[in-house]
Amino acid sequence: MHDHLAALLRGGGGGGGRHPRAVHGAAVKLGCLASTYLCNNLVLSYLRGSLHAEARGLFDEMPHRNIVSWSVLISAASRLGALSEAFFLFSDLLRSGECGSCDRPNSFALGALVVGCARAKDTVAGSQVHASAIKFGVADDESVAGALVDMYAKCGRVDWSWRAFALSPQRSVASWTSIISCLVNHGCSEHRDVAISLLKKMLLLKVWPTNATFSCVLKVFDEPELLPGGKQIHGCLLKMGTEVDPALGTALVAMYGRCGGLDEMARLSCRIRHDAFSRTSLLVAYARNGYNKEAVWNFREMIMENMAIDQSAVTSLLQVCSSLGQVRMAKEVHCYALKTFCKLDTLLLNATITVYGRCGDVTSAEILFDLLENKDIISWTALLTCYAQNDHAQETLLFFREMLRKGLGSPVFCITSVLRACSSTTNYAVGWQIHSRVVKLGIDDADSVENALLTMYTKCGSVRIALKIFNSMRSRGIISWNALITSFSQHGNEVAAIQLFHLMQEEAVCPDDYTFVGLLSSCSRMGLVAEGCEYFKLMKTKYNVEPKMEHYTCMVDLFARAGRFSDALEFIDAMPCHPDKLVWEALLASCRTHGNVELGRLAAKKILEIRPDDPSPYIILSSIHASVDMWEEKALNRTVFDFQRVRKDVGSSWVDGEEFSDNTFDVLQVGTT
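Comments concerning the overall build of the protein chain
Per the secondary structure count, the protein chain includes 38 helices and two strands. Put simply, the protein chain has 673 residues, and 47% of those count as buried. Of all intrachain contacts in the protein chain linking residues separated by at least 6 positions in sequence, the fraction that spans at least 24 positions is 60%.

As for the packing of helix H21 (residues 346-358) against helix H22 (residues 362-371)
Running from N to C, H21 and H22 point in directions that differ by 160 degrees, and their axes come no closer than 8 Å. Between H21 and H22, the crossing angle belongs to the class labelled roughly antiparallel. Seen from above, H21 lies across H22 with left-handed handedness. Contact residues: Leu349, Thr352, Ile353 and Tyr356 in H21; Ser364, Ala365, Leu368 and Phe369 in H22. Along the lines of polarity and charge, the residues of the contact of H21 with H22 split into six nonpolar, two polar and no charged.

Some words on the environment of Thr593
Positionally, Thr593 belongs in helix H35 (residues 581-594). For Thr593, a relative accessible area of 65% gives the class exposed. Taking the C-alpha atoms as reference points, Thr593 and Arg561, 32 residues apart in sequence, are found 7.9 Å from one another.

Section: the packing of aromatic side chains
A full pass over the atoms with the stated rule returns 18 aromatic pairs. Look at Phe516 and Tyr543: their rings are 5.7 Å apart centre to centre, the planes differ by 55 degrees, and that puts the pair in the tilted class. Of this pair, Phe516 sits in helix H31 (residues 513-526) while Tyr543 sits in the loop between helix H32 (529-541) and helix H33 (549-561), and the two are 27 residues apart along the sequence. For the pair Phe516 and Tyr543, one class covers both residues: buried. Note on Tyr552 and Phe571: the rings are 5.9 Å apart at their centroids and 50 degrees apart in plane angle, and the pair reads as tilted. One end of the pair, Tyr552, is in helix H33; the other, Phe571, is in helix H34 (residues 565-574), and 19 residues separate them in sequence. Residue classification places Tyr552 among the buried positions, given a relative accessible area of 7%. Looking at Phe571, the relative accessible area reads 15%, which means it is buried. Taken together through their ring pairs, the aromatic side chains of Phe369, Trp380, Tyr387 and Phe399 make up a single cluster. Lying across the ring of Trp160, Arg157 places its NZ or CZ 4.1 Å from the centre. The ring of Phe165 has Arg171 lying over it, and the distance from NZ or CZ to the ring centre is 4.5 Å.

Some words on the state of the cysteines
Under the definition given, this model contains zero disulfides. Looking at Cys422, it has no disulfide partner, and the nearest cysteine sulfur is the one in Cys460, 7.3 Å off. Its relative accessible area of 0% is what places Cys422 among the buried residues.

Topic: the side chain of Ser590
Mapped onto the elements, Ser590 comes out in helix H35. One polar contact links the side chain of Ser590 to the main-chain amide nitrogen of Arg561, over a distance of 3.4 Å. With residues near it in sequence (within four places) discarded, Ser590 still touches Asp557, Ala560, Arg561 and Phe565.

Let's talk about the environment of Ala603
When you line up the elements, Ala603 lands in helix H36 (residues 597-610). The contact partners of Ala603, leaving out residues within four places of it in the chain, are Trp584, Leu587 and Leu588.

Notes on the pattern of salt bridges
This structure, assessed with the given rule, holds 16 salt bridges. One salt bridge in this structure joins Asp222 and Arg192, with 2.8 Å as the shortest N-O distance. In this pair, Asp222 sits in the loop between helix H13 (211-217) and helix H14 (227-239) while Arg192 sits in helix H12 (residues 189-204), placing the two residues 30 residues apart along the sequence. Among the residues examined, Asp222 registers a relative accessible area of 26% and is labelled partly exposed. In this structure, Asp513 and Lys548 form a salt bridge, with 2.8 Å as the shortest nitrogen-oxygen distance. Residue Asp513 is located in helix H31, and its partner Lys548 is located in the loop between H32 and H33; the two are separated by 35 residues in the primary sequence. Given the relative accessible area of 42%, Lys548 is considered partly exposed.

Remarks on the packing of helix H16 (residues 262-269) against helix H17 (residues 276-288)
For the pair H16 and H17, interaxial distance at closest approach is 12 Å and the crossing angle is 160 degrees. By the angle class used here, H16 and H17 are roughly antiparallel. Seen from above, H16 lies across H17 with left-handed handedness. Of the residues in H17, those touching H16 at Leu262, Met265 and Ser269 are Leu282, Ala285 and Tyr286. Of the residues assigned to the contact of H16 with H17, the class counts are five nonpolar, one polar and no charged.

A short note on helix H25 (residues 412-425)
Given a rise of 1.5 Å per residue, 14 residues ought to cover 20 Å, and the 20 Å separating the end C-alpha atoms of H25 matches this to within 8%. The buried fraction of H25 amounts to 10 of the 14 residues, a majority that puts the element mostly inside the structure. For H25, the full list of buried residues reads Cys414, Ile415, Thr416, Ser417, Val418, Leu419, Ala421, Cys422, Ser423 and Thr425. Looking at the residues trailing H25, positive phi occurs at Thr426, about 45 degrees.

Focus: the environment of Leu203
Turning to its location among the elements, Leu203 is positioned in helix H12. Beyond its immediate sequence surroundings of up to four residues, Leu203 is in contact with Trp208, Pro209, Cys236 and Met240.

Focus: H16
One turn of an α-helix holds 3.6 residues; hence residues three or four places apart share an orientation. Of the positions making up H16, those classed as buried are Leu262, Glu264, Met265, Leu268 and Ser269. Looking down the long axis of H16, one finds its buried residues gathered within 160 degrees of arc, a one-sided arrangement. Those residues of H16 that are buried lie in contact with H14, helix H15 (246-259) and H17.

Structural notes on the nonpolar core
Formed by 196 residues in total, the largest nonpolar core has its most connected members in Ile180, Ile434 and Leu587. In terms of residue count, the dominant contributor to this core is H33 (eight residues).

As for the confidence of the model for the protein chain
Scored by pLDDT, the protein chain comes out at a mean of 83, with 87% of its residues at no less than 70. In this model residues 12-16 is a low-confidence stretch, pLDDT under 50, and it forms six contacts with partners more than four residues away in sequence or in other chains.

Rules used in this analysis
Residues numbered from 1 in each chain as written. Predicted model: local features only at pLDDT ≥ 70, side-chain atom pairs only at ≥ 80, totals over all residues. Heavy atoms only, no water. Helix = DSSP H or I, 4+ residues; strand = E, 2+ residues; numbered from the N terminus. Buried < 20%, exposed > 50% of the residue type's maximum accessible area, 1.4 Å probe, protein only. Contact = heavy atoms within 4.5 Å. Axes fitted to C-alpha atoms, helices over the stretch in contact; angles between N-to-C directions. Parallel < 35°, antiparallel > 145°, perpendicular 65-115°, else oblique. Left-handed = near helix turned anticlockwise from the far one by under 90°. Nonpolar A, V, L, I, M, F, W, Y, C, P; charged D, E, K, R; others polar. Phe/Tyr/Trp six-rings, centres within 6.5 Å; stacked < 30°, edge-to-face > 60°. Lys NZ or Arg CZ within 6 Å of the ring centre and 35° of its normal. Disulfide = S-S within 2.5 Å. Polar contact = N/O pair within 3.5 Å; in protein donor to acceptor, adjacent residues only side chain to side chain. Salt bridge = Lys/Arg side-chain N within 4 Å of Asp/Glu carboxyl O. Expected span 1.5 Å × (residues − 1). Arc of directions from axis to C-beta. Core = buried A, V, L, I, M, F, W, Y, C linked by side-chain atoms within 4.5 Å. pLDDT = per-residue confidence, 0-100.

Rendered as structure tokens:
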């Protein structure tokens, strides 16, 4: 009779067959509960139907239990995350008088405990189970050995996971996949090379990788230089006839996105079945590689197909808004996130603050920061960077002081933002204190920090200290060279700026457009017209640098400073683009130096056509008239100036304190006269 009742349970197990409660009632009525075989099937059926309380109640009432009874319940508790209950059951099993030679803990019970430790990432408990597995002689079992490798891998113990893998006499594909996953996720670059070697060894031993194995290996390829290797793995799995399911397709899309293989990714996306994860990977890849339109189109496709959109997809879309500088679009995405998710995580809110900062909406970034409940160091750094990017120098420094008072750290990105604020205010005292903190933190050799310090000292006029930092740098990028060339040019050492440019060429550092701005400015101040013309010519012919308005302004200033006004006008007429305000201002400034009234009037007229409310043309033109004793014209300029109600900009000077305190800044302002 008990065999018949057990057969009824196996027919549906609480699903399509008899309900376990009905079979349980029949067993009680017929007096069949003495059968351990039937009780085990009932416990298993209850567990399959998620009736855990009934399963435990029946287990406690069983007159006789065998190792299957214990193993089923231990496995269920472990699978549900009740690791403490699973260990209590295991302890009861060991203490039980039923644990004779035939009822020693088997591989099923110990394997289930190992899986539970892996879920809980409990290395201590896992190592104890490992010792028990060795004690009871089941550590060499294929399922237990694979579970141990996986458990140590998920706990981040690469060395222990490798040891368990190396000692396994029989290695299943799950064991190989677990150790590869461990090496990829928790190891360094050398470990990743070992992971690829293990995949090759699997193929040599004819242990065929699964989709999960390939998905783990593909994480190794995360830089454009590694794209050929990623393609080889893709080719290998296609050659083996591996079916690309949505999970493996997502891994391939993510790999191509990280390596910059957008063409391959686009072709792949047309051949795979898409789900929410693969679509999100596409969105992240497009956003990461600057394909903003494609990223937005992909997000719209996700909405049209009613896919589940997580917060990582919204974060990537915010990155697109940042690249486009679209504050309205950023607010739309923010509103969508507020409507879609019950609560926004800190990562998404930090990204939103960053986007508002890059789009110039400082007020929205401040409001969002104030509303953020769980502020982390990234939140503080995001708002600090927002202030620095939008030229709120005083707010940047005061906000940084508040971070220090709260005991927050000083990441490299945070330090560079603060140094940028010191540069814009030419606040040497505070910049020097930040430099001292950088040395104390041991981050003074970071490239970005060195460049920020170099720029800060050059802007503050401390060329000697800037040169000392430049000479101590281990790697000098184009930013470092540009900062020092500009510093020499602006502080009266134009010869050194030109010499530095030649030294830069000797070290095979290719100049960019900023380099030539500093170089042409030096030639202009020294009156080296021929040399300046030659450098301007080399920009495009030798270095393939397209001249910008700044370079045209430098050339006009070069000719005009030397008194060659006809050459300056010819140059302006030959410009491929319409000259802006800076070009005419450069010409006007030289007209004041040389007393060229007619050309000065023309330059002033052009400036006022571009910006009618600019007071500088009236002021400079009055100065030109005064220099040649044309006092009536000077008075007329003043009358027009007053009639147009043009106001001079308020002049201001920063007066910095000796200490980084509440009185860091005082501003001396001079209004209109």
